Structure formats: structure tokens, C-alpha cells
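Descriptive structure summary
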Amino acid sequence: MSSSQNTRRSARQRRHRRLRKRVAGTVQRPRLAVFRSARHIYAQVIDDRAGHTLVAASDLEPSVRENGSGTKTDRARAVGTVLAQRAREAGHEAVVFDRGGFSFKGRVRALAEAAREEGLVF
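Residues numbered from 1 in each chain as written. Predicted model: local features only at pLDDT ≥ 70, side-chain atom pairs only at ≥ 80, totals over all residues. Heavy atoms only, no water.

Considerations on the side chain of Arg-75
Following the sequence through the fold, Arg-75 ends up in helix H3 (residues 72-89). What makes Arg-75 buried here is its relative accessible area of 15%. (Helix = DSSP H or I, 4+ residues; strand = E, 2+ residues; numbered from the N terminus. Buried < 20%, exposed > 50% of the residue type's maximum accessible area, 1.4 Å probe, protein only.)

Quick look at the layout of surface pockets
A probe as big as a water molecule, rolled over the atoms, marks out the empty space that is left. If you add up the space inside the largest pocket, you get close to 390 Å³. As for the largest pocket, its lining consists of 14 residues, of which Arg-8, Arg-12, Arg-15, Arg-36 and Phe-102 are closest to the centre. The residue makeup of the lining of the largest pocket, split by class, is three nonpolar, four polar and seven charged. Approximately 180 Å³ is the volume found for the second largest pocket. Its residues placed into classes, the lining of the second largest pocket shows three nonpolar, one polar and three charged. (1 Å grid on protein atoms, 1.4 Å probe; cavity = no way out; pocket = protein on both sides within 12 Å on 5 of 7 lines; lining within 4 Å. Points joined across faces, edges and corners; volume = space filled by probe spheres on them. Nonpolar A, V, L, I, M, F, W, Y, C, P; charged D, E, K, R; others polar.)

Some details on the sheet that holds strand E3 (residues 52-58)
With mixed pairing, the four strands of this open sheet are ordered in space as E3-E2-E1-E4. Each end of this open sheet is capped by a strand with a single partner; those strands are E3 and strand E4 (96-98). Taken pair by pair, the neighbouring strands of this sheet meet at an average axis angle of 20°, ignoring direction. Docked against the sheet, H3 engages strand E1 (31-36), strand E2 (41-47) and E3, running at close to 145° with respect to E3. Sheet strands touched by helix H4 (residues 107-117): E1, E2 and E4. Its angle to E1, the strand with the most contacts, is close to 145°. (Pairing = 2+ DSSP bridges. Axes fitted to C-alpha atoms, helices over the stretch in contact; angles between N-to-C directions. Contact = heavy atoms within 4.5 Å.)

Considerations on the environment of Val-108
Along the chain, Val-108 turns up in helix H4. A relative accessible area of 0% places Val-108 in the buried class. Setting aside anything within four residues of it in sequence, one finds Val-108 in contact with Val-34, Arg-36, Ile-41, Phe-97, Arg-99, Phe-102 and Ser-103.

With respect to the pattern of salt bridges
Working definition: two side chains of opposite charge can pair if their charged atoms are close together. One pass over the structure, following the stated rule, counts eight salt bridges. The partner of Asp-59 in a salt bridge is Arg-75, with the nearest N and O atoms 3.3 Å apart. Residue Asp-59 is found in the loop between E3 and helix H2 (62-67), and its partner Arg-75 is found in helix H3; the two are separated by 16 residues along the sequence. Here the two residues Asp-59 and Arg-75 agree in accessibility, since each one is buried. Ionic pairing is found between Glu-113 and Arg-109, a salt bridge with its closest N-O pair at 2.9 Å. Highlighted residues: Glu-113 and Arg-109, both in helix H4, separated by four residues, approximately one helical turn. By relative accessible area, which is 34% here, Glu-113 ends up partly exposed. Among the charged side chains, a network of salt bridges with common partners joins Arg-20, Arg-31, Asp-48 and Asp-98. (Salt bridge = Lys/Arg side-chain N within 4 Å of Asp/Glu carboxyl O.)

Some remarks on the side chain of His-92
Looking at the secondary structure, you find His-92 in the loop between H3 and E4. For His-92, a relative accessible area of 13% puts it in the buried group. When sequence neighbours within four positions are dropped, the list of residues in contact with His-92 reads Val-27, Pro-30, Leu-54, Ala-87 and Leu-120.

Written out as C-alpha cells, the structure is:
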């Protein structure tokens, strides 16, 4: 890994640690955590007190690939929609958004907006 990649990665990890000091998921309001790589995007709804993932979705799932074919942003929207539907089915209407140290733009924003449109409250 080159030094510029290492610096960018460590900066994101520092931002995420700083963010996690204030953001924690509970049973009533779990944490919606987002991770994006260069090719894929993953999202989970997590109860931090119990240490359990309640719901998860990613663009690697066949159901998401069918709905969100196209650009990476389109797939992120599809992940947000699927995740919100699963969370609401599991009885979770309100969540705390954890952007994972990533900027709130592009794919992260598309996922968040799609989840909001499906009825999740942040």
C-alpha cells in the first residue's frame, strides 16, 4: 500500500473513531453503519449495547444487484432501500446514522436518502 493510501485510510479511521465517541446504537435507536470500498457498499443496523447486527445489506446481494444495476450510486440507493425495508420489518423505525468517517456525499448520501425515503428516521 502506498503512503498516500495509508494516510487517507488512517485519516478516515481517525474520523470514524472521533464520530463513534458520540454515536452509539441502542435497542430503541440502533446505529446504521455504512462502509464503502472502491467497488462496493455495505450497510448494517447495529445494537451496540448487545453487540449484535440486527439487519444488513450490501450491493453484493442478488436482490440488490437486480434493483440497482447501473452506477455505484444507483446500487447504493438500492442498498438503502433494501436495508430500510428490512429494518422496518424487524421493527426498527428510528436509527442513528454512522457514516463511518466517509464524507456525506456521493454513495453514502444516496444510501441515506434512499433509507429516509423508505421510512427510516435519523
